[in-house]
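In case you want the letters, here they are:
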Amino acid sequence: MKPLHGLRILDLTRVLAGPFCTALLADLGAEVIKLEPPQGDDYRHIGPFLQGESALFTLMNRGKQSIVLDLKDPAAQAVARQIALACDVVVENFRPGVASRLGLGPELREEKPALIHAAISGFGQSGPAAHLPAYDLVAQAMSGLMAVTGEEGGAPLKVGESYGDLMAGLYASWAILAALYRRQATGEGATIDVAMFDALFSLLPTAHAVQFYAGAEPRRVGNRHPLSTPFGCFACTDGPVVIAVLGDRQWQALCALIGRADLASDPALASDEGRTLQEPRIRAAIEGWSGARLAAEAAEALAAAGIPTAVVQSLAEAAASPHARARGLVADLPHPVLGHAPTVGQPVRFDGAKPVAATSAPALGADGAEILHRLGIHHG
């Protein structure tokens, strides 16, 4: 039995943050009823496409059931409320206030106090920025994440994935599980407010340490670590190798490997702070060694010496790696059009097993009649 077997969720979300949240819960066995407008979730119309099916929609809506209701219609709103009240959890990512106008906001808890209502938005349900439109790029810019991401002396850069959406969805799933645990003890549900801005701001502990404790402004340092050295990408004959040294033991092992006993005994380099102040000198020494070797050869020698290291892999190389295959990171799930669809689900193992959704994403409205029949709801 999967961890969330028996849990029923109404998914009123679209695009990325909310669907990611509910997909994680579907992976764990929750019954997720995805309510879509007649034209479907926006992601159904965003490429890349395979046989007319959106890859992004397929990846983010695995394991769900689809029902179509036009929430502009008061009768459809009433049906949606009946579905919501038959669920344990409602998840929405409308603009603040919209869910309440549709009768699908936290006010549902007045009729069903045990209900858990989770709202995901760009800036939260309160505060001066709450009603501003928000995309991931906007949240990354405002949170401080872009300010510390990029090459030293270069322009701010966004992270190469929509992390504001993804982290908000992840936090929402975590909060829902916490609320379910509390409900077991009290019988009371919860009203959950998750913001992309808040989520990203919370995920900058190194920058927080520099800003709030060292009294300095966090800087962009590229692939280096702002507090530890050597840490980053180092040139080899065919590309970079990653080296991450933290603490004296690893530093001494690195110096022995590259034949630089002089660096190991230099008191100016005896601490992370001292090494960071002399990063160019250390980089030159390391690349004097790595620059004569293939990246894979350098990584093998570093790993044998107990030093954290890796060759930079493409996504295809990572997916095809023996370790990724052994961990079951990509699964093929049944899909109504594609037959089988590659899916990357939640990564956690429970009792040695990695729960995955039973099916891929649903066809638009494919489960509507069955959902209403199962819940005893009459419509149209």
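Quick caveat: nothing in here was measured; it's all calculated off a predicted structure. (Residues numbered from 1 in each chain as written. Predicted model: local features only at pLDDT ≥ 70, side-chain atom pairs only at ≥ 80, totals over all residues. Heavy atoms only, no water.)

### Remarks on the nonpolar core
Alright, step 1. Ranked by internal contacts, the top residues of the largest apolar core, which has 40 residues, are Ile-9, Val-89, Val-91, Ile-120, Ile-176 and Ile-192.
Alright, step 2. Those elements giving two or more residues to this core turn out to be helix H1 (17–27), helix H2 (55–60), strand E6 (89–92), strand E7 (116–121), helix H7 (163–186), strand E8 (190–195) and helix H8 (196–202).
Alright, step 3. Counting residues per element, this core draws most heavily on H7, which supplies 8 residues.
Alright, step 4. Sequence-distant contacts of Val-89, defined by excluding residues within four places in its chain, comprise Leu-7, Arg-8, Ile-9, Leu-10, Leu-115, Ile-116, Ile-176 and Leu-180.
Alright, step 5. Among the nonpolar cores identified, the runner-up in size contains 25 residues, and Cys-87, Val-90, Leu-104 and Ile-371 belong to it. (Core = buried A, V, L, I, M, F, W, Y, C linked by side-chain atoms within 4.5 Å. Buried < 20%, exposed > 50% of the residue type's maximum accessible area, 1.4 Å probe, protein only. Helix = DSSP H or I, 4+ residues; strand = E, 2+ residues; numbered from the N terminus. Contact = heavy atoms within 4.5 Å.)

### Some thoughts on the packing of H1 against H7
Alright, step 1. Contact geometry of H1 with H7 gives a least axis separation of 7 Å together with a crossing angle of 45°. Between H1 and H7, the angle is such that the two are oblique. As H1 runs across H7, the sense of the crossing is right-handed. Here Ala-17, Phe-20, Cys-21, Leu-24 and Leu-25 of H1 lie close against H7, whose contacting residues are Asp-165, Leu-166, Gly-169, Leu-170, Ala-172, Ser-173, Ile-176 and Leu-177.
Alright, step 2. Residues belonging to the contact of H1 with H7 are distributed by class as follows: 10 nonpolar, 2 polar and 1 charged. (Axes fitted to C-alpha atoms, helices over the stretch in contact; angles between N-to-C directions. Parallel < 35°, antiparallel > 145°, perpendicular 65-115°, else oblique. Left-handed = near helix turned anticlockwise from the far one by under 90°. Nonpolar A, V, L, I, M, F, W, Y, C, P; charged D, E, K, R; others polar.)

### Brief notes about the sheet that holds strand E9 (residues 231–236)
Note: strands within a sheet are paired through backbone hydrogen bonds, in either parallel or antiparallel orientation.
Alright, step 1. Taken together, the 3 strands give an open sheet; going across it, the order is E9-E10-E11, and neighbouring strands pair in antiparallel fashion. Each edge of the sheet is formed by a strand with only one pairing partner; in this case those strands are E9 and strand E11 (309–311). Adjacent strand axes in the sheet meet at a mean angle of 25° when their direction is disregarded.
Alright, step 2. Sheet topology note: the E9/strand E10 (residues 239–244) ladder contains 6 bridges and is antiparallel. Counterpart to Cys-233 in the pairing with E10 is Val-242.
Alright, step 3. Helix H13 (residues 279–290) rests against E9 and E10 of the sheet, and its axis sits at about 40° to E9.
Alright, step 4. In this fold helix H14 (residues 295–304) packs onto E9, E10 and E11, with an angle of close to 15° to the strand it touches most, E10. (Pairing = 2+ DSSP bridges.)

### Structural notes on a nonpolar patch on the surface
Alright, step 1. A contiguous nonpolar patch, built from Tyr-135, Val-138 and Met-142 and spanning about 330 Å² of accessible area, is present on the exposed surface.
Alright, step 2. Looking at the secondary structure, you find Tyr-135 in the loop between E7 and helix H6 (136–143).
Alright, step 3. The class for Tyr-135 is exposed, based on a relative accessible area of 67%. (Patch = residues over 30% accessible without salt bridge, like charges linked within 9 Å, V, L, I, M, F, W, Y side chains within 5 Å. Areas by Shrake-Rupley, 256 points an atom, 1.4 Å probe, with all protein chains shown as cover. Salt bridge = Lys/Arg side-chain N within 4 Å of Asp/Glu carboxyl O.)

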